[in-house]
Amino acid sequence: AQEFAEQLERMAFRRRFHPITCCAMDQYNIAQLPSESLVLFVCSTTGQGDFPDNMKKFWRFLSKKSLPANSLENCN
């Protein structure tokens, strides 16, 4: 998944998508997500389709019931 994400990063850069951030899920500042205009997630799974450890915090954030329904409406 990391290698594929890095390939996508290079392709996006060549197509002038700026700024570009390619990082592990646990390195991304989740508070930034609602202000992003375009996001692409590449995630591997482990075992029986379980989330990798570095994604669990991120998924908990997205699954919060307190997260307003429209908080990601400007994010493609």
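None of the values given here were measured: they were computed from a predicted structure.

Caption draft 1: Representation of unusual backbone geometry. The peptide bond linking His 18 to Pro 19 adopts the cis configuration, its omega dihedral lying at -10°. The residue Pro 19 is located in the loop between α1 (2-14) and α2 (56-62) in this model. Look at Arg 16: it is not a glycine, yet its phi comes out positive at around 70°. Here Arg 16 lies in the loop between α1 and α2. Of the residues examined, Arg 16 reaches a relative accessible area of 67% and is grouped as exposed.

Caption draft 2: Broad picture of the packing of aromatic side chains. Here the structure, examined in full by the defined rule, presents three aromatic pairs. Plain terms: the ring middles of Phe 51 and Trp 59 are 5.1 Å apart, the flat faces sit at 45° to each other, and that makes the pair tilted. Classification of Phe 51 by relative accessible area gives partly exposed; the value is 33%. Residue Trp 59 is classed as partly exposed on the basis of its relative accessible area, which comes to 39%.

Caption draft 3: Spotlight on the state of the cysteines. For the coordinates displayed, the defined rule picks out zero disulfides. Left without a disulfide partner, Cys 22 is nearest to the cysteine sulfur of Cys 23, which lies 7.0 Å away. The class for Cys 22 is partly exposed, based on a relative accessible area of 31%. Looking at the unpaired Cys 75, the closest cysteine sulfur is the one in Cys 23, lying at 14 Å.

Each value, and the rule that gives it
Residues numbered from 1 in each chain as written. Predicted model: local features only at pLDDT ≥ 70, side-chain atom pairs only at ≥ 80, totals over all residues. Heavy atoms only, no water. Helix = DSSP H or I, 4+ residues; strand = E, 2+ residues; numbered from the N terminus. Buried < 20%, exposed > 50% of the residue type's maximum accessible area, 1.4 Å probe, protein only. Phe/Tyr/Trp six-rings, centres within 6.5 Å; stacked < 30°, edge-to-face > 60°. Disulfide = S-S within 2.5 Å.

Keep in mind that these numbers describe shape and distance, not what the molecule does.
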